[in-house]
Each structure stands twice: as C-alpha cells, then as structure tokens.
Amino acid sequence: MQENTFDSSYDYACQLDKKDELASFRNEFYMKEDIIYLDGNSLGLLSKRAEKSLLELLDAWKQFGIDGWIEGNYPWYDLSERLGGMLAPLIGASPEEVIVTGSTTTNLHQMAATFYEPKGKKTKILADELTFPSDIYALQSQIKVKGYDPDTHLVQVKSRDGRTIEESDIIDTMTEEIALIVLPSVLYRSGQILNMKRLTEEAHKRGILIGFDLCHSIGAMTHHFAEWNIDFAVWCNYKYLNAGPGSVGGLYVNKKHFGRRPGLAGWFSSKKEKQFDMEHTLTPAENAGAYQIGTPHVLSIAPLIGSLEIFAEAGMENLRKKSLHMTRYMMDLITHELKDMGFTLGNPTDDSRRGGHIYLEHEEAARICKALKVNGVIPDFRAPNGIRLAPVALYNSYEDVWKSVQLLKKIMAEQQYKQFENKRGIIA
Ligand SMILES: *Cc1c(COP(=O)(O)O)cnc(C)c1O
C-alpha cells in the first residue's frame, strides 16, 4: 500500500460503490439491514432467483407427481447434467465433464474410489497438512478400503509457516511411491491459491493422477480446466455459489478419463437411455454422469438453478476482478486503521495467490469474532487464531468493507472483546 495515496475516508468507499458495475446484483439477495454479512465463503446468502427456482421445483412435484422427472421447465431426470453444463464455464470445462451430485466429501470418496489404484511401488496418496479435515478422513478411509495403513500411506506435505504450502515442497514430495494427489485449490484458512496448472504438470510428468477440492475457489475465481488438464475435481455449491445449506455438490472428470468405471456405482451411474432397462450389468454413462450414485436430491439442487443464472449474467471474470479489488481495499484499510492492535494478515497478499477472503490473525481472535457479531458483522472464526472475512463480489459493498473495519477498530479500542470468552462457539 502507498501510505500517502490511500484514501481511508467513508466518502471514498461510497465512490467505489457508485463506480461498481456489479453493484445492482446486491438487490438480488436477501440482505438484512444493519447486518454486514462477510461469511459467504462458509454459507452464501439466499437470492430471490434461487428461492424462485426452489419454489418452481416444489410446484413441479405438486403439479406432476412422478411425471416431474420428465415434465416441467426443469425435468428432474437430466437436471444434474443440465446444471453441470451451467457450472462448466465457472471452471473452464466442457459441459459433459461436470455433474451436480453428492457432497464434497462423498464426491471425494467417489473420486478416490475411482482414481486411487495402488500398483507396484505406487501405493500412496499425497495431500497437505493444512487441508480441511473431511478430505483427510475420506482419503484415510479410502486407503483402508484398499488394504493399506493410512499412517504410512497418506503423505501430508508440511507447511513452513502454518499458513501456506509451498508448491515446491509439494513437488519435492511427488515421489515414485505416490499414486494419487488430492489438494485444495484455495486453502480454507489462509485463502492461499495453489498453482493448479504447475502442480498438474509436475504430477503428470511423474505418472501421478491429481485432483483438486474447489470448495473455496468455485464462484470466487476463474479456472481454466481445459488448459490445466487436471484429472478430477470436487466441490460444494453452498459457499460462493449460494445454493443453500446442504445443497448438492459438484464434480469434474477430465474427458480423457471417460469410460473409467466408477469406483462406487449405482443406478444413476448408468447411461441415461439404459438406466430403466433395469439390467444387473451396469452400462455407465460416457461422461461425468457416470460418477453419480443414486437418485438426485432434487429439492437440494433446485436453488442452484437460479443462483447459476446470476453467475452467468454477472460473468466470472468480472466477479473475480471485483473480489480482488475488494480484498485489496480491505487489506489496505486494515493496514491503515488497525496498526499496533496485534493483527497479522495471514493471507497471501499477491493477487495471483489470494482467494476470495481475508485471513486476519490475532491471539484474541475467537472473542473478537463474538464482538463482531454483536456489532452486526458476521465473520467466521477458524482455530487457532484466525478471523475469516469474505467480501463477496455479488452482494457485499465497499461500504460494508469500510464499516466492518471501523467496527473492528472500535471493538479493539474499547476492548469490547474482553466481555467474551476466548473460545470458539459450536459452529465456527
Ligand atoms: C466446505 C468444505 C468441505 C465440506 O464438505 P461437505 O461434504 O460439503 O460437508 C470439504 N472440504 C473443503 C475444503 C471445504 O471447504
């Protein structure tokens, strides 16, 4: 930041909002007056269009009963494929490479069951030590299913600073014993982006398959999967994609792998024309649809229809540009306004390595988060000492960012946080 040119005034925040071409999308969302929601990286807000598409599918059930599978504006039978097609541009993939199904964790189980084929020396899975626990639990159980010991067969790359993972350390750990690599696209705490293109190239040079968990990048940044040549990916649709609590997730399988048998099969793995032949020999779909298992959770998919229409209109490139500008603005304000208050910016500051949120570290982080909530700012706390703040391009304003930093300054100056215990709540 240039100290001398940075304008920390409220007026400047308002000017930025006036110039913002995406500002009107805020009206699409249910926002509460007097609440500044900065937690869209955990659970995105409800939009009017997502609500509408949910009600529309509820109505299809009311109107058509069983025929809802093939009737109405959004017949349920190919809804997962159709939404896969709408998601594809967000990751730069072909429509047939993407399917809406399962959850991040179940999809990771499916991908590991499909792509983890220990053979000869290559028997281990490579992950990192900062990733989300559910991903690790899934990989540990898949290693056990294949008859190996997770203590020896799950290799976790270490972080040097407790916040980020160096790509070169990952590459150095791609030994001839590694069969499969699973990494996050963006780390859930520090928001660091891993260089997916570089890591994929290096993995493939060594004959290793590689997949990514996109939970913290889908809807927050652009992806170029066609060019990066990643083998597979999984994600949830309830964070930046605003499809609602427990909404159905997504997965990507590179078309070069089409035809690979699903590790966990079910009748929805079938080629669509064959599914109702009811044969006991599965004929899998010849696209990402093969990695579905059972009947889609239609009502938990429905909000995604409306939500993805908004993304198509706003454009992912535009959203990423605004998101980077907002997080940059927030970092500048933090540096300028919260000096000598014990905060450390834990996220990478470089645009090419920064995801959609800010990670602010403080030894009193848990109770600062509680004080923020009482003041109408919704952050989330991540143990041991992190405050995640996500200004979301679709619905947050520069004014939100400005006000939340001012409130944080007030909480610190007045030591308001001391009224709370420095312990996390149940959901944090
Ligand atoms: C949010 C998140 C999950 C959650 O998985 P679910 O199966 O949807 O509960 C998993 N992994 C990462 C990296 C996440 O950010």
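Before reading on, note that the structure itself is shown above.
Rules and cut-offs
- Residues numbered from 1 in each chain as written.
- Predicted model: local features only at pLDDT ≥ 70, side-chain atom pairs only at ≥ 80, totals over all residues.
- Heavy atoms only, no water.
- Helix = DSSP H or I, 4+ residues; strand = E, 2+ residues; numbered from the N terminus.
- Expected span 1.5 Å × (residues − 1).
- Buried < 20%, exposed > 50% of the residue type's maximum accessible area, 1.4 Å probe, protein only.
- Arc of directions from axis to C-beta.
- Contact = heavy atoms within 4.5 Å.
- Near = heavy atom within 4 Å.
- Polar contact = N/O pair within 3.5 Å; in protein donor to acceptor, adjacent residues only side chain to side chain.
- Areas by Shrake-Rupley, 256 points an atom, 1.4 Å probe, with all protein chains shown as cover.
- Nonpolar A, V, L, I, M, F, W, Y, C, P; charged D, E, K, R; others polar.

(A) Summary view of helix 2 (residues 48-64). When the terminal C-alpha atoms of helix 2 are compared, their 24 Å separation across 17 residues agrees well with the 24 Å that a helix rising 1.5 Å per residue should span. Looking at helix 2, one finds that the buried residues are R49, A50, S53, L57 and A60. Mapping the buried residues of helix 2 onto a view down its axis gives an arc of 110 degrees, with all of them on the same face. Projecting away from the buried face of helix 2 at angles above 90 degrees are the exposed residues K52, K62 and Q63. Looking at the buried side of helix 2, the elements it contacts are helix 3 (79-91) and helix 10 (298-314). G65 lies just past helix 2 and shows a positive phi near 55 degrees.

(B) Spatial organisation of the site of the ligand. Every residue near the ligand is listed here: S103, T104, T105, F132, D135, D213, C215, H216, Y238 and K239. Here a nitrogen atom of the ligand and a side-chain polar atom of D135 are 2.8 Å apart. Here an oxygen atom of the ligand sits 2.7 Å away from a polar atom, N or O, in the side chain of Y238. With the chains in place, 86% of the 390 Å² that the ligand exposes on its own is no longer accessible. Residue classes in the shell around the ligand are distributed as three nonpolar, four polar and three charged.

All quantities given are derived from atomic positions and should not be read as evidence of function.
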